[in-house]
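Listed below are the residues making up each chain.
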Amino acid sequence: MSTEVQNTETQVKEKKKSEPLFSKKNIQVLKDPLNDNNPVTVQVLGICSALAVTTQVKPSFIMALSVVFVAGFANLIISAIRNTVPNRIRIIVQLVVIAALVTLVDQTLKAFVYDVSKQLSVFVGLIITNCLIMGRLEAFAMQKKPWPSFLDGVGSGVGYGLVLLFVGFFRELFGSGSLYGFQVVPQWAYDAGYVNNGLMMLPPAALFLIGIYIWIQRALNKDLVNIS
Amino acid sequence: MKALKNLINSIDPHFQKGGKFEKAWVLYDGFKTFLFVPDHTTHDGVHVRDSIDLKRTMFTVIIAMMPALLFGMWNVGYQHYSAYGEESTLIQNFLFGLEKVLPIIIVSYGAGLAVEFLFAGMKGHSINEGYLVTGMLIPLIMPVTVPLWMVALASIFTVVIGKEVFGGTGMNIMNPALLARAFLFFAFPAYMSGEIWVAMDDSKTLVDGFSGATSLVYFDEGLAAFPEGNQVSDMFFGTIVGSIGETSTLAILLGAAYLVFTGVGSWRIMFSVFAGGYIMGLLMNVLAGSAFPGMEVPAFYHLIMGGFAFGAVFMATDPVSAAQTNMGKWIYGFGIGAFAVILRVFNPAYPEAIMLSILFFNVFAPLIDHLVIQRHIKTRLQRA
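What counts and how
- Residues numbered from 1 in each chain as written.
- Chains lettered and ligands numbered in written order.
- Predicted model: local features only at pLDDT ≥ 70, side-chain atom pairs only at ≥ 80, totals over all residues.
- Heavy atoms only, no water.
- Helix = DSSP H or I, 4+ residues; strand = E, 2+ residues; numbered from the N terminus.
- Rg over C-alpha atoms; globule rule 2.2 N^0.38 Å.
- Buried < 20%, exposed > 50% of the residue type's maximum accessible area, 1.4 Å probe, protein only.
- Contact = heavy atoms within 4.5 Å.
- Areas by Shrake-Rupley, 256 points an atom, 1.4 Å probe, with all protein chains shown as cover.
- Lys, Arg positive; Asp, Glu negative; His and termini not counted.
- Charge placed at Lys NZ, Arg CZ, Asp CG, Glu CD.
- Phe/Tyr/Trp six-rings, centres within 6.5 Å; stacked < 30°, edge-to-face > 60°.
- Polar contact = N/O pair within 3.5 Å; in protein donor to acceptor, adjacent residues only side chain to side chain.
- Axes fitted to C-alpha atoms, helices over the stretch in contact; angles between N-to-C directions.
- Parallel < 35°, antiparallel > 145°, perpendicular 65-115°, else oblique.
- Left-handed = near helix turned anticlockwise from the far one by under 90°.
- Core = buried A, V, L, I, M, F, W, Y, C linked by side-chain atoms within 4.5 Å.
- Patch = residues over 30% accessible without salt bridge, like charges linked within 9 Å, V, L, I, M, F, W, Y side chains within 5 Å.
- Salt bridge = Lys/Arg side-chain N within 4 Å of Asp/Glu carboxyl O.
- Buried area = accessible area lost by both parts, 1.4 Å probe.
- Expected span 1.5 Å × (residues − 1).
- pLDDT = per-residue confidence, 0-100.
- Nonpolar A, V, L, I, M, F, W, Y, C, P; charged D, E, K, R; others polar.

Draft legend 1. Up close: the overall build of chain B. Of the regular secondary structure elements, chain B holds 16 helices and 0 strands. For a compact globule of 384 residues, the expected C-alpha radius of gyration is about 21 Å, and chain B comes in at 23 Å, within 12% of that figure. Across its three principal directions, the C-alpha atoms of chain B cover 70 × 70 × 35 Å. A burial count over chain B gives 49% of its 384 residues as buried. By sequence separation, contacts in chain B at least 24 residues apart represent 72% of the contacts at least 6 residues apart. Total accessible area on chain B is roughly 18,400 Å²; 67% of this is exposed by carbon and sulfur atoms. The centroid of the 21 positive side-chain charges in chain B is displaced by 16 Å from the centroid of its 26 negative side-chain charges.

Draft legend 2. Representation of the packing of aromatic side chains. Tallied over the entire structure, the rule returns 30 aromatic pairs over all chains. Judged by centre distance (5.5 Å) and plane angle (80 degrees), the ring pair of Phe208(A) and Phe157(B) falls under edge-to-face. Remark: Phe157(B) occurs in helix H6 (residues 148-163) and Phe208(A) occurs in helix H10 (residues 203-220); the pair is interchain, linking two chains. Each residue in the set Phe166(A), Phe169(A), Phe170(A), Phe174(A) and Tyr213(A) is aromatic and connected to the rest through ring pairs, giving one cluster.

Draft legend 3. Just the side chain of Thr247(B), in detail. Residue and element names in this part refer to chain B. Assignment of secondary structure puts threonine 247 in the loop between helix H10 (231-237) and helix H11 (249-262). For threonine 247, the side chain forms a polar contact with the main-chain oxygen of glycine 238, separated by 3.2 Å. When neighbours within four sequence positions are excluded, threonine 247 is seen to be in contact with Phe71, Asn75, Met235, Gly238, Ile240, Val241 and Gly242.

Draft legend 4. Region of interest: the packing of helix H7 (residues 176-187) of chain B against helix H16 (residues 353-383) of chain B. Residues and elements named next belong to chain B. The geometry of H7 relative to H16 is characterised by a closest axis approach of 10 Å and an angle of 125 degrees between their N-to-C directions. Here H7 lies oblique to H16, going by the angle between them. The two elements H7 and H16 cross, and the hand of that crossing is left-handed. Between H7 and H16, the residues in contact are Leu178, Leu179, Arg181, Ala182, Phe185 and Phe186 and Met355, Leu356, Ile358 and Leu359, respectively.

Draft legend 5. Representation of the nonpolar core. One finds Met65(B), Leu184(B), Phe314(B) and Tyr332(B) to be the most contacted residues of the largest nonpolar core, which totals 99 residues. In this view, Leu184(B) contacts Met142(B), Val146(B), Met150(B), Ala154(B), Pro189(B) and Met192(B); residues no more than four positions away in its chain are not counted. Core analysis: the second largest hydrophobic core is formed by 39 residues, Met63(A), Ile127(A), Met142(A) and Val167(A) among them.

Draft legend 6. Up close: a nonpolar patch on the surface. A contiguous nonpolar patch, built from Trp215(A), Ile216(A), Leu220(A), Val165(B), Phe166(B), Met171(B) and Ile173(B) and spanning about 670 Å² of accessible area, is present on the exposed surface. You can see Trp215(A) is positioned in helix H10. By relative accessible area, which is 33% here, Trp215(A) ends up partly exposed.

Draft legend 7. Fine view of the environment of Asn221(A). Residue and element names in this part refer to chain A. Locating asparagine 221 in the fold gives a position in the segment after H10. The spatial distance from the C-alpha of asparagine 221 to the C-alpha of asparagine 35 is 8.4 Å, given a sequence separation of 186 residues. Asparagine 221 has contacts with Asn35 and Asp36, leaving out every residue within four places of it along the chain.

Draft legend 8. Region of the structure containing the interface of chain B and chain A. Contacts between chain B and chain A engage 13 residues on the former and 11 residues on the latter. Buried surface at the junction of chain B and chain A, summed over both partners, amounts to about 880 Å²; 80% is from carbon and sulfur atoms. Together, Trp149(B), Ile161(B) and Phe186(B) form the three largest contributors to the area buried by chain B at its contact with chain A, with a combined 40%. Linking chain B to chain A there are 0 salt bridges. Counting across the chain B and chain A interface gives 3 residue pairs in polar contact (both at pLDDT 80 or more). Every element with two or more residues in the side of chain B that touches chain A is listed here: H6 and H7 of chain B.

Draft legend 9. Quick peek at H7(B). When the terminal C-alpha atoms of H7(B) are compared, their 16 Å separation across 12 residues agrees well with the 16 Å that a helix rising 1.5 Å per residue should span. The complete set of buried residues in H7(B) reads Pro176(B), Ala177(B), Leu178(B), Leu179(B), Ala180(B), Arg181(B), Ala182(B), Phe183(B), Leu184(B), Phe185(B) and Ala187(B).

Draft legend 10. Just the confidence of the model for chain A, in detail. For chain A, mean pLDDT is 83; residues scoring 70 or higher make up 90% of the total. The model gives residues 1-16 of chain A a pLDDT under 50, and that stretch makes 23 contacts with residues more than four places away or in other chains.

Draft legend 11. Just the pattern of salt bridges, in detail. Residue and element names in this part refer to chain A. Applying the stated criterion across every chain yields a total of 4 salt bridges over all chains. Residues aspartate 106 and lysine 110 are paired through a salt bridge, measuring 3.6 Å at the closest nitrogen-oxygen approach. In this pair, aspartate 106 and lysine 110 both sit in helix H4 (residues 90-112), 4 residues apart, roughly one turn of the helix. Classification of aspartate 106 as buried rests on a relative accessible area of 17%. A relative accessible area of 40% means that lysine 110 is categorised as partly exposed.

Draft legend 12. Fine view of the environment of Ser193(B). By the element assignment, Ser193(B) lies in the loop between helix H8 (189-192) and helix H9 (215-220). Linking Ser193(B) and Glu352(B), residues 159 residues apart in sequence, is a C-alpha distance of 9.0 Å.

Draft legend 13. Geometry of unusual backbone geometry. All names here are of chain A. Backbone geometry at valine 44 places phi at a positive 55 degrees, although glycine is not the residue there. Structurally, valine 44 is set in the loop between helix H1 (24-31) and helix H2 (47-52). The class of valine 44 is partly exposed, set by a relative accessible area of 38%. Of note in the backbone geometry, tyrosine 180 takes a positive phi value of approximately 50 degrees without being a glycine.

Draft legend 14. Geometry of the packing of helix H3 (residues 57-80) of chain A against helix H8 (residues 146-176) of chain A. Residue and element names in this part refer to chain A. Orientation of H3 relative to H8, taken along the N-to-C sense of each, is 165 degrees, at an axis distance of 8 Å. Taken together, the axis directions place H3 and H8 in an arrangement best described as roughly antiparallel. As H3 packs across H8, the resulting crossing turns out to be right-handed. Per-class residue counts for the contact of H3 with H8 are 18 nonpolar, 9 polar and 3 charged.

Dropping the structure here:
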């Protein structure tokens, strides 16, 4: 999946003079993945982990942070060494960089939030193979300068995190009646006959919710209609 | 009738473009075409319009469901009174059932149609008729004790996710009514399986030896677990516990006869579902003796037990989600029947296998059609 990313951003205009850090163009690079070019809903990258870790808000949030970190720095590092990497072995070089960053994240999580780390289990390790990160490296970082690449990585991570939080919010609210671990559906509602929705705890619910997210997004954002 | 027609004609201009209630046109059009055959004519060329439009077709299905529905109402009362060991007359049984079932029907129609109207208004097209049948099918496949808000939730879910996202009536890939039941089955398993089939009354005491289990539960424990007595005829006539409309195979067959007679339901699908179930049941009997006690149950039990007949007659024949080619219909129906029996025998976790089996083959129907057509093209080319 990572190799079939669209190459819309490949036409790079070489800049002659240095531009400010948060120029209009760079802001655009950061903002684009939030809506118009969202990695999950538009590029359809990173769906697998979006289905797996979103039963609750907390793991979704931690997962989103991890992906922001890994995507940002992987883009930065790869972009910095992009001219010295031989083209034929670029994938393995990218993997080494990502794996190093993921190991960093994994150990940090184990050290400070052990319970969440257990909940995320294998999916932190699987960030290595998260198509989002490889996809952005291939499509963006291999061609652009380090700073825009970093912004693109962070933006993609945040765009991914937005979807994760949306899905996690509704799955936890309807599936367990809580949010971020706090009970929000009051006891009197249960007494009156309200029941938690068991479907929300199953992976298909995430698929429905992502589908609904895409539906709403396309209804609001006419630019996306008829893409792909 | 005449007065109604005149009334409609007199208020008609208000709902046309530029009229007072232009915004409510969708609503008005829905009711008008519901009451009378629409008088649209084609403007150019000669096209014959059959007066049996979608609404009339749907109504035929509703009529076909009436025996199952009426019997279901009676059975709800009968099961209730016999659970408490009370004598009751036919009328008493029926009235009790009516009181329990009518709210479910009203909620199903109310919630589903509200969403339909909303979408029709938003998209500016006329109201889809498909929900007429779906709204009646949903109550028939619910246990009588289901909470009403769950019925409403399932109806909304199925209209939005099952139909509107695909483009409305005629575009759905899966049977909406079954999707509603599958949704409830996975979302609230405690309310859709187990001993929930009899309407209870806490102020009375249950009769000794009362068991609220359906025949599918006995089935998973083997032939010996079925209660003594004329179980086979009970299952055929429907005086057993189960979802509201599916217990009586006889009532369903009456509906099936009407559907086949009017040409609305496909006899190919109905027949092949039964054939598939029976043949797979026979195969199970031959292979019986292993760890699955359900394998030794006679094959014809499958056809009268649980929702098999109801699914075969009213669900599998849904013209939208079924296969379209004649050859495809045979394959599709046979697959449903055979797969349902396999699921029933080997997976006790999903007692009502016919539901999952039909949904599964709904997904495969376009593929079956594609293969049938490709094969047809191939043989035609060879002959040419």
